[in-house]
Amino acid sequence: MASWLSQWEVALLEPRPRALSWTPPVYLFARKNGMLGFLSARQAGLDDPLHLQRAESTRRYHPDVHKYSVETVQWYPHDTGMFTSSSFDKTLKVWDTNTLQAADIFNFEETVYSHHMSPVATQHCLVAVGTRAPKVQLCDLKSGSCCHILQGHRQEILAVSWSPRYDYILATASADSRVKLWDVRKASGCLITLDQHNGEKSQAAESANTAHNGKVNGLCFTSDGLHLLTIGTDNRMRLWNSSNGENTLVNYGKVYNDSRKGLKFAVSCGCSSEFVFVPYGSTIAVYTIYSGEQITMLKGHYKSVDCCVFQSNFQELYSGSRDCNILAWIPSLNEPVPDDDGTSTRSHLNPAFEDAWSSSDEEG
């Protein structure tokens, strides 16, 4: 099991990063003042640290720079020649990576909190956008217009996420304490409204069909798309079966959450036990997804952590903080193992780096 106890400081950014997105070999970050930047990377091997260099960034005088805080950035899933950003200036911008010019701009009447493009869709180019208005807007990159509106929430939409398993399934989280799953092909739209009580009628009427007892400002599908994680301002994280909307009742304990906006957390992919990484003040809490056990707290930042993103190819986690740093976290190469007598410890290669290959002859 990866212990996630070591960290490398890889870049110093001013001002602080608000959002991160990864695609090989470039890291995209957003800043509080509306500017965007890139970091280029190479993997130098386990005996050499990871090197990141400032590749390019927008400038304050750039004609297309956002006017206010950028809340979300995302690479186009199928081509690094394009990426998107959304901001408190009520815009979603589509950028040409090569020229750093805005290829298209979507304007909204309300502040934009979150947006997301499907990582697997091949039949559509829709961007789901959550704003201060109680409706989800779908923007079509092909036509350059807002083509559809999903209505059903009662307050602002704080987080949106497409399923990594199905092209047309979308999850949305709102300040009305509700999380909804949508099939955007259907006229009615909403498939399920998640209920923390799993339909038990004995619960109070005011909490019926609510996912949390407070605002829901974070959600993330597991890498296989079979489950959905949500976080609310009631300091709770819940794991849901994404096919039937059932609360799995995994107990993560108190999950600190005082964010007034969307909480950007991440899940692992390809680990022997899958993890979820949650910003927790100036630290990052690491939980096993299906047991709810808190494994460790990643300490390295000096101020509140705003966002984190997991990179599965090298099993690395990146976090951005208000201390203007981006930290890279990797599994420790060696981990202590107690001796048989229990009085001393010895170093053992972390299973995350072991060669698991074996021939059929050896297995026989």
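So, a few notes on the structure that sits alongside this text. Please read these numbers as outputs of a predicted model, since none were measured by experiment. (Residues numbered from 1 in each chain as written. Predicted model: local features only at pLDDT ≥ 70, side-chain atom pairs only at ≥ 80, totals over all residues. Heavy atoms only, no water.)

**Concerning the nonpolar core**
Inference 1: Judged by nonpolar contacts, the single largest core of 16 residues is most densely connected at L229, M237, Y252, V276, V278 and Y287.
Inference 2: Elements that contribute at least two residues to this core include exactly β19 (227-232), β20 (236-241), β22 (275-280) and β23 (283-288).
Inference 3: When sequence neighbours within four positions are dropped, the list of residues in contact with V276 reads L229, M237, F265, A266, V267, A285, V286, Y287 and I289.
Inference 4: Among the nonpolar cores identified, the runner-up in size contains 13 residues, and F275, V286, F310 and L327 belong to it. (Core = buried A, V, L, I, M, F, W, Y, C linked by side-chain atoms within 4.5 Å. Buried < 20%, exposed > 50% of the residue type's maximum accessible area, 1.4 Å probe, protein only. Helix = DSSP H or I, 4+ residues; strand = E, 2+ residues; numbered from the N terminus. Contact = heavy atoms within 4.5 Å.)

**Points about the environment of G214**
Inference 1: Mapped onto the elements of the fold, G214 is located in the loop between β17 (190-193) and β18 (216-221).
Inference 2: The exposure class assigned to G214 is buried, which follows from its relative accessible area of 14%.
Inference 3: Considered as a pair, G214 and G232 are 18 residues apart in the sequence and their alpha carbons are 6.0 Å apart.
Inference 4: Ignoring anything within four residues of it in the chain, the contact list for G214 reads S177, T233 and D234.

**Brief notes about the pattern of salt bridges**
Inference 1: Counting across every chain of the model gives 4 salt bridges.
Inference 2: A salt bridge links R185 to D183; the shortest N-O distance between them is 2.9 Å.
Inference 3: Accessibility expressed as a relative area gives 5% for D183, which makes it buried.
Inference 4: When the shortest N-O distance is used, the salt bridge between R238 and D234 registers 3.6 Å. In this structure, R238 and D234 share a single accessibility class: buried. (Salt bridge = Lys/Arg side-chain N within 4 Å of Asp/Glu carboxyl O.)

**Comments concerning the packing of aromatic side chains**
Inference 1: Within this structure, the stated rule accounts for 7 aromatic pairs.
Inference 2: With a centroid separation of 5.9 Å and an interplanar angle of 5 degrees, the aromatic rings of F83 and W95 are classed as stacked. Residue F83 is located in strand β7 (residues 82-87), and its partner W95 is located in strand β8 (residues 91-96); the two are separated by 12 residues in the primary sequence.
Inference 3: With a relative accessible area of 1%, W95 lands in the buried category.
Inference 4: Ring centres of Y252 and Y287 lie 5.9 Å apart, and the angle between their planes is 85 degrees; on these two criteria the pair is classed as edge-to-face. Linking Y252 in the loop between β20 and β21 (266-267) with Y287 in strand β23, this pair joins segments that are 35 residues apart in sequence. Take Y252 and Y287: they sit in the same class, and that class is buried. (Phe/Tyr/Trp six-rings, centres within 6.5 Å; stacked < 30°, edge-to-face > 60°.)

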